[in-house]
Each structure stands twice: as structure tokens, then as C-alpha cells.
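Below, each chain spelled out in residue letters.
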Amino acid sequence: GPTELQLVQLRARQLDALVVDERRVTPDEDLRIERVAEMAAAWIARSGHPLAKQRAVTLADLLAYPIATTPLSDEVVRLLVDRYGPEANPARIATLQCDDVGGLIDVVSRTDAIFLGVRAAAREGLEAGSLSELQTRPPLRTTARYAYVTLAGRSEAPVMSLVREFVAQRMVD
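The following refers to the structure shown. (Residues numbered from 1 in each chain as written. Predicted model: local features only at pLDDT ≥ 70, side-chain atom pairs only at ≥ 80, totals over all residues. Heavy atoms only, no water.)

Remarks on the nonpolar core
Quick note on the threshold: Here the nonpolar core consists of buried residues drawn from Ala, Val, Leu, Ile, Met, Phe, Trp, Tyr and Cys, with membership extended through side-chain atoms lying within 4.5 Å. Relative accessibility under 20% of the residue-type maximum defines a buried residue, over 50% an exposed one, and the middle range a partly exposed one, all with a 1.4 Å probe and only protein chains included. The helix count covers DSSP runs of H or I at least four residues long, the strand count covers runs of E at least two residues long, and both are numbered beginning at the N terminus. Residues are treated as being in contact if the distance between any of their heavy atoms lies within 4.5 Å.
In this structure, Trp43, Leu62, Tyr84, Ile114, Leu134 and Leu140 are the most contacted members of the largest nonpolar core, which totals 17 residues. Looking at this core, the elements that each hand over two or more residues are strand S2 (31-46), helix H2 (59-62), helix H3 (74-84) and strand S5 (114-118). Sequence-distant contacts of Trp43, defined by excluding residues within four places in its chain, comprise Leu62, Ile67, Tyr84, Ile93, Ile114, Phe115, Leu116, Ser132, Glu133, Leu134, Thr136 and Leu140.

Structure, rendered in C-alpha cells:
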């Protein structure tokens, strides 16, 4: 779900902790924010996509197809605009935007839509050869920063050490 809703649930003590995009969390005195991982972003398409075999895909090439992404932080939007120009603003280019990364990857694997997001989210399809990372010019070269967010001053439940271990094992490029 949306990071903002999850933060409300955390503050209402409906959740014990979050692992979310660090850039979408505004630091506040009631939150403890600990970076967990930094993971590379990529442009991903199905292997049979018309752009999959090109050696140098431009933003204009990408924009000829639907773009699927999660909501992006203002910082990531700035990084995209700095890298590709004002026409790369996700508010303008995102055809499909939702918090369900698995659903986005599924859409990309079945259509000509292109996923803009964390490469690791597509790991299974990339390893199986059903998805391809598009080689853009200029290269994307940005990351998603994930953080473990808890309430400051609150004791952690003993089971949370297992959650931390689980997250550390899986949040890798």
C-alpha cells in the first residue's frame, strides 16, 4: 500500500515496522529510520519487446510505449529529469502507476509496457529470460533506498530480529 498510509498505521500502532522507500518518508522526531538497502533501478521490458535487442534505447524510444512504475519520490523525479530532461517527469510519462510491484511486473511480462523501478523486483523474470533490462542512453544510474522505519522510543518485539534478518537477506541486488 501507499507509504503514507503505512506511516499512519505505524503511528496508530497497527504495524510494528515498515520497510519502505526511504525517500518517501519525511524524517520526524517520532520515527526511527534506518537504511536497509540501496538497490539499482532499471528500465525493464519483456524479452520479446521491440526495444529489448537495441543497444542504445533513448527516452524517446521508451516514451513510444506505456510506462509502468510505482509512485516515485520527489528526489527520484529530480534524478530522472536531471538525467533525461523535463520530458522524463514520471507525472507525465507514467501510464500505469501503483504500489503493487508484482502486478506491474506481471503487466510488463504480458504487454509492451516498460517497467521503471528496482531491477531486483524483476529478478525472477530476468534470470528466467522472460524479461530484459533495456540499455538506455544515457544509462539510468539511480537507486532506490529502502529503510526500516519504527516508532522512536518504542521497544522492539523479539520477533522483529527475525524480520530484520529476513529483510537483510532479500533486499539485495
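A short note on the pairing of strand S7 (residues 143-151)
Rule in force here: Any two strands with at least two DSSP bridges between them are considered paired.
Within S7, seven of the nine residues are buried, leaving the element largely enclosed by the surrounding structure. Of the strand pairs in this sheet, strand S1 (residues 18-21) and S7 are connected by four bridges, and their pairing is antiparallel. Considered in S7, the bridge of Val19 is made with Tyr148. As defined by bridge partners, S2 adjoins S7 across nine bridges and the pair is classed as antiparallel. From the neighbouring strand, Ala37 faces S7, where its bridge partner is Tyr146.

A closer look at the packing of aromatic side chains
Note the cut-off: Any two of the Phe, Tyr and Trp rings considered here, Trp counted by its six-membered ring, make a pair once their centres fall within 6.5 Å; the pair's planes then place it as stacked at under 30 degrees, edge-to-face at over 60, or tilted in between.
Scanning the entire structure with this criterion turns up one aromatic pair. Look at Trp43 and Tyr84: their rings are 6.1 Å apart centre to centre, the planes differ by 80°, and that puts the pair in the edge-to-face class. Taken as a pair, Trp43 in strand S2 and Tyr84 in helix H3 lie far apart in primary sequence, 41 residues in all. We note that Trp43, like Tyr84, is buried.

Things to note about the pattern of salt bridges
Here is the rule: We count a salt bridge whenever a side-chain nitrogen from Lys or Arg sits within 4 Å of a carboxyl oxygen from Asp or Glu.
Inspection of every chain in the model, using the stated rule, returns 16 salt bridges. Between Arg24 and Asp99 there is a salt bridge, with its nearest N and O atoms 3.8 Å apart. Separated by 75 residues along the polypeptide, Arg24 in the loop between S1 and S2 and Asp99 in the loop between strand S4 (94-97) and helix H5 (101-110) bring together distant segments of the chain. What makes Arg24 buried here is its relative accessible area of 17%. We classify Asp99 as partly exposed; its relative accessible area is 30%. The partner of Asp112 in a salt bridge is Arg46, and the shortest N-O contact between them spans 2.5 Å. Remark: Arg46 occurs in strand S2 and Asp112 occurs in the loop between H5 and S5; sequence separation between them is 66 residues. On the basis of relative accessible area, Asp112 is assigned to the partly exposed category, the value being 28%. The partly exposed category is assigned to Arg46, whose relative accessible area is 23%. If you follow the salt bridges from partner to partner, you end up with Glu22, Arg23, Arg35, Glu38, Glu75 and Arg145 in one network.

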